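Summary of structural features
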Amino acid sequence: MRQLLNTLFVTTQGAYLSREGEAVLVRVEHENKLRVPIHTLGGIVCFGQVSCSPPLMELCGDRNVAISFLSEQGRFYARVQGPVSGNVLLRREQYRRADIEAVSSEIARAIVIAKIANCRTVLLRAVRDRPDAPEVLAIEAASQRLARLLDELRQPAPLEVVRGREGDAARTYFEVFDHLISTQKEDFFFRERSRRPPLDNVNALLSFLYTLLAHDVTAALETVGLDPAVGFLHRDRPGRPSLALDLMEEFRPIFADRLALSLINLQQIRGKGFRKTESGAVMMDDATRKEVLVAYQKRKQEEIQHLFLNEKLAVGLLPHVQAMLLARYLRGDLDGYPPFFWK
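Residues numbered from 1 in each chain as written. Predicted model: local features only at pLDDT ≥ 70, side-chain atom pairs only at ≥ 80, totals over all residues. Heavy atoms only, no water.

1. Concerning the sheet that holds strand S8 (residues 76-80)
- Ordered by their spatial adjacency, four strands build an open sheet running S1-S5-S7-S8, and the pairing between neighbours is mixed. Both edges of this open sheet fall to strand S1 (6-10) and S8, since each of them pairs with a single strand only. On average, each strand axis in the sheet is tilted by 20° relative to the strand beside it, whichever way the strands run. (Pairing = 2+ DSSP bridges. Helix = DSSP H or I, 4+ residues; strand = E, 2+ residues; numbered from the N terminus. Axes fitted to C-alpha atoms, helices over the stretch in contact; angles between N-to-C directions.)

2. A look at the pattern of salt bridges
- The tally for this structure, following the rule as stated, stands at 23 salt bridges.
- Between Glu93 and Arg96 there is a salt bridge, with the nearest N and O atoms lying 2.8 Å from each other. Remark: Arg96 and Glu93 occur in helix H2 (residues 88-98); sequence separation between them is three residues, near one turn of the helix.
- Judged by relative accessible area, Arg96 falls into the partly exposed class, the value being 44%.
- A salt bridge links Arg171 to Asp168; the nearest nitrogen and oxygen atoms lie 2.4 Å apart. (Salt bridge = Lys/Arg side-chain N within 4 Å of Asp/Glu carboxyl O. Buried < 20%, exposed > 50% of the residue type's maximum accessible area, 1.4 Å probe, protein only.)

3. A look at the sheet that holds strand S4 (residues 31-37)
- Spatially, four strands are ordered S4-S3-S2-S6 in an open sheet, and the strand pairing comes out mixed. On the outer flanks of this sheet lie S4 and strand S6 (51-52), each paired with one strand and no other.
- In the sheet, strand S2 (residues 16-20) pairs with S6 via two bridges, with the strands oriented parallel. Considered in S6, the bridge of Tyr16 is made with Ser51.

4. A short note on the nonpolar core
- Formed by 96 residues in total, the largest nonpolar core has its most connected members in Phe177, Leu205, Leu209, Leu226 and Leu326.
- Those residues within four positions of Leu326 in sequence are excluded, and the remaining contacts are Ile107, Leu226, Leu243, Leu247 and Tyr337.
- Counting 20 residues, the second-largest nonpolar core is a separate cluster that includes Leu17, Leu59, Cys60 and Phe69. (Core = buried A, V, L, I, M, F, W, Y, C linked by side-chain atoms within 4.5 Å. Contact = heavy atoms within 4.5 Å.)

5. Comments concerning the environment of Thr183
- Tracing the backbone through its elements, the reader meets Thr183 in the loop between helix H5 (159-175) and helix H6 (201-224).
- For Thr183, a relative accessible area of 18% translates into the label buried.
- With near-sequence residues (within four places) excluded, Thr183 lies in contact with Ile264, Asn265 and Gln267.
- Separated by 3.3 Å, the side chain of Thr183 and the backbone oxygen of Asn265 make a polar contact. (Polar contact = N/O pair within 3.5 Å; in protein donor to acceptor, adjacent residues only side chain to side chain.)

So, in structure tokens, the structure goes:
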């Protein structure tokens, strides 16, 4: 099993990353702030005005440690990595399968089923945690609608039908998402999903967590030799990691959404850590962003039961495991793609 490695998140503006032997050295205003052995890292993520030396890029390329550059608020800019890994035959098979709608539909259906089931688990857990809350009836009704959508996906269906069911499920889930927020309601409320830009504190938090998750899933797909750009549920679009977005669907509810709710309900983040710009976009301040990154790293270290593998593993390994299972299916080692179900 692959070892869970750390991700180095650098948020200090003006930081400079360089190579010192077999380690990454972080300097701020000519002062050494951090030294991290390269063998402990799975990736480096730089937010805002953070730069890297060419020798460090060479070291990271040799050790398969990707360096990602994002805006301060988490918008993806670029990614530096070494030679593409994996078997070219696997990627050719991925491209062939993506061009066959019936095959794409089956993979997409498996992913959407897992997404809906995991969303439903999030809702059912909320009911168990607060059985006397006035919102319980609405949450239970949404859970029942998700169950009906799962029944409708039991049999093979055209790709557009699968996409339609996924859209229906997302609307149902997010219609009651505000009911899952139990504290700080004046600062954290959810009316609808807004992405570019996020228009409230909850959407800003979700978008940031989804960006982190997309980074991890993309890295996992590249590690096993798959092309993150060619998906089955999400179709090809220049500059979009469609396959990473596919695989993310299974993890959004249990990884990002649950973490967002915990951060809010446990009051680990506060409304004062967010601000609205003149354009209406909501952004997190540096302290809040660091709090979220620390919580994200801790979440990755928690253990979870993988039903298909029948073993416990770190949450942070889920993207790699699912990428590996998808690669095995495309190579013909499995009869179908087994998505991840959270229980």
